[in-house]
Amino acid sequence: MKRFMRTLPPEGAGRPGRPDFVGWVYGLFMAATLLICLFGVGRIPHARAYFDAVFLPMWLLLPLGLCAVLVLLALSEWLGPRIRHGRIALLVASVCLFLFQVAAVTRYYFFTDWDVEALIDLSYLLVHGGESEGLLRYFSRYPNNLFLGWVFAQVRGAAAALGLERFEYGLLLVMQCALNALTGALLVLLLRELGCGRGKLVFGYSLYVLLIGLSPWVSIPYSDSMCLPFPCLAAWLALRRGKRTAPATILRWALVGLCVWIGYRIKPQALFILPAILLRGLFSLRESAVRKAALPSLGGLAAGILAAALLCNAAVDSLQLPLKPEAAFGPAHFLMMGLNSETMGVYSREDVEFSDAIPTRQERSAANLRVAGERARTMGLGGLAGLAVQKTLTNYGDGTFCWDGEGEFYIRTPEREDSRFGQFFRDLYYSRAWEGRYFRLWANAEQLLWMAVLLLGCVGAWRAADARLDCLMLAILALSAFELLFEARARYLYIYVPLYIALAVSGLSQRRKTAPPED
């Protein structure tokens, strides 16, 4: 562990400072979000309000969550210095988490509908053949899911080639378990890079396991779990202090570009880490070392994005699907849905039917923008503010990240041998279709931990933490602004939860100090 931690500055190093502009904005935004959740959940109508009855009162959950994380922090601070061989310990913890997830997921997973069903059917079609008319209509509307469909098809194809057709779906879930365990390790590396001590590393990893490692979203084969590592990996690579030679700089930033663009093609929200990284670099241009490395850094980033774009486009083109490009829904459609006060800014079947009835993309975008403008003018400033409060509750007021909130959700469970181990997890995670005995316990545990993470991140921003945290704050601010403008969903925050945890943990770790020059 000493070798693992030898390059870290001591906690609290540097003079206490004042939060910069980004810290103040993030702190104020998160404070406002917490207040809305504290007084709004269970009181203000929002798209997820039917689920509020599951939760205990927020005035009780927030202090309970704070007490829980403080106890966890004390245990982590006690355990951290006693861990030897930190790299080996992290590897063992990651493998144990992966094996536990696989054992649990294979005993409680179920089949769902909504977009997941379309992706699973497409991957089956590409490998085994079958009816495609309905799928072509879906992917013509939402071509952003085609790359993920190609990924799923490669997994299915590999399983079929090995004679493992029965396990094609299970291999997708195993891959998600591996990505989930990998993300936990990446979070530890990110926290280490931000200067967190041994206890804080254990604390951050423990929070991750409780919020994400034990989340049932790992059992849903979709973009949320598949994209989970990419924002965290891109942030770690961008903030990493390594060799400052031109080749090393170009390679590192090329990897950042690859991560960002591949993540974007899996889930568009992954892109918000890129402007945050660029803005953070722009803020640091006063440092001579940053100015010298600006050209190779940008060159490597552009090369990585270009390579990833060519790779993703080639993958999608290889599908050779007879799609209708003019049927694709653009950003204006999702803006129109985000400004729908009747549905409180979430998915609207009527808006989908409206957009689908327009034959061309140009006409569709123009009509979507016209409707969006009419809705904004009709609501006025007061109505827009009220809608923003409702969408904030939808986005942030749900620590389960909209579990059981899509389509019919539970449509079929596979035949499996019953066991107490599997029954326990089904009781824990099954809610609407089969009311689990422990579901409320799990949902409230996730809610209180999520609220505590948001509170610690808010406090950390005002305590003047490491200036490099601006990158993480900017990414989350961009994501939050996007969800306030476009379609709202707590699930869309899921891939950024490791960054929320990083802000919560590192905010407790140190006062603001000038970070060493980076390339």
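For the structure, see preceding data.
Residues numbered from 1 in each chain as written. Predicted model: local features only at pLDDT ≥ 70, side-chain atom pairs only at ≥ 80, totals over all residues. Heavy atoms only, no water.

### Section: the overall build of the chain
Alright, step 1. A count of helices and strands for the chain gives 21 helices and 0 strands.
Alright, step 2. Counting only residues that meet the buried cut, the chain has 56% of its 519 residues in that class.
Alright, step 3. Here the contacts in the chain between residues at least 6 apart in sequence split such that 84% fall between residues at least 24 apart.
Alright, step 4. A total of about 22300 Å² of accessible surface is found on the chain, and carbon and sulfur atoms cover 65% of it. (Helix = DSSP H or I, 4+ residues; strand = E, 2+ residues; numbered from the N terminus. Buried < 20%, exposed > 50% of the residue type's maximum accessible area, 1.4 Å probe, protein only. Contact = heavy atoms within 4.5 Å. Areas by Shrake-Rupley, 256 points an atom, 1.4 Å probe, with all protein chains shown as cover.)

### Some thoughts on the pattern of salt bridges
Alright, step 1. For the coordinates displayed, the defined rule picks out 11 salt bridges.
Alright, step 2. A salt bridge links Lys-267 to Asp-224; the nearest nitrogen and oxygen atoms lie 3.1 Å apart. Of this pair, Lys-267 sits in the loop between helix 12 (246–266) and helix 13 (273–283) while Asp-224 sits in helix 10 (residues 223–226); the two residues are 43 residues apart in sequence, bridging distant segments of the chain. Considered together, Lys-267 and Asp-224 belong to a single accessibility category, that of buried residues.
Alright, step 3. The salt bridge partner of Asp-351 is Arg-375, with a shortest N-O separation of 2.8 Å. Taken together, the residues Asp-351 in helix 16 (residues 349–356) and Arg-375 in helix 17 (residues 361–396) connect sequence positions 24 residues apart. Each member of the pair, Asp-351 as well as Arg-375, is classed as buried.
Alright, step 4. Taken together, the shared-partner salt bridges connect Asp-224, Lys-267, Glu-406, Arg-489 and Arg-491 into one network. (Salt bridge = Lys/Arg side-chain N within 4 Å of Asp/Glu carboxyl O.)

### Overview of the nonpolar core
Alright, step 1. Counting residues in hydrophobic clusters, the biggest one holds 143 residues, and the most contacted among them are Leu-190, Ile-273, Trp-403, Trp-450, Leu-472 and Tyr-500.
Alright, step 2. Not counting chain neighbours up to four residues away, the residues in contact with Leu-472 comprise Leu-190, Leu-194, Ala-235, Leu-239, Leu-499, Ala-502 and Leu-503.
Alright, step 3. Counting 8 residues, the second largest nonpolar core, distinct from the first, contains Met-336, Ala-372, Met-379 and Phe-486. (Core = buried A, V, L, I, M, F, W, Y, C linked by side-chain atoms within 4.5 Å.)

### Some thoughts on a nonpolar patch on the surface
Alright, step 1. Side chains of Leu-162, Leu-164, Phe-167 and Leu-171 sit close together on the surface and give an oily, nonpolar patch of about 370 Å² of accessible area.
Alright, step 2. Summarising the element assignment, Phe-167 is placed in the loop between helix 7 (146–161) and helix 8 (168–193).
Alright, step 3. Among the residues examined, Phe-167 registers a relative accessible area of 45% and is labelled partly exposed. (Patch = residues over 30% accessible without salt bridge, like charges linked within 9 Å, V, L, I, M, F, W, Y side chains within 5 Å.)

### Some words on unusual backbone geometry
Alright, step 1. Located in the positive-phi region is Met-344, a residue other than glycine, with phi close to 60°.
Alright, step 2. With respect to the element layout, Met-344 can be found in the loop between helix 15 (331–338) and helix 16.
Alright, step 3. You can call Met-344 buried: its relative accessible area is 17%.
Alright, step 4. Here Asp-404, not a glycine, exhibits a phi torsion of approximately 65°, which is positive.

### Remarks on the side chain of Glu-193
Alright, step 1. Locating Glu-193 in the fold gives a position in helix 8.
Alright, step 2. Residue Glu-193 is classed as buried on the basis of its relative accessible area, which comes to 7%.

### Description of the packing of aromatic side chains
Alright, step 1. Tallied over the full model, the rule gives 40 aromatic pairs.
Alright, step 2. Seen in terms of ring centroids, Phe-51 and Phe-439 are 5.9 Å apart; in terms of plane orientation they differ by 85°. Their pairing is edge-to-face. Here Phe-51, found in the loop between helix 2 (21–40) and helix 3 (58–79), pairs with Phe-439, found in helix 19 (residues 439–462); they are 388 residues apart in sequence, far enough to count as distant. Across the pair, Phe-439 and Phe-51 agree in class, each one buried.
Alright, step 3. Summarising the aromatic geometry, the rings of Tyr-142 and Phe-329 are spaced 5.6 Å apart at their centres and angled 80° between planes, so their arrangement reads as edge-to-face. Here Tyr-142, found in the loop between helix 6 (133–141) and helix 7, pairs with Phe-329, found in the loop between helix 14 (288–317) and helix 15; they are 187 residues apart in sequence, far enough to count as distant. (Phe/Tyr/Trp six-rings, centres within 6.5 Å; stacked < 30°, edge-to-face > 60°.)

### What to know about the environment of Leu-339
Alright, step 1. Tracing the sequence through the fold places Leu-339 in the loop between helix 15 and helix 16.
Alright, step 2. Not counting residues up to four positions away in its chain, the partners in contact with Leu-339 are Ala-372, Arg-375, Met-379, Leu-384 and Leu-387.

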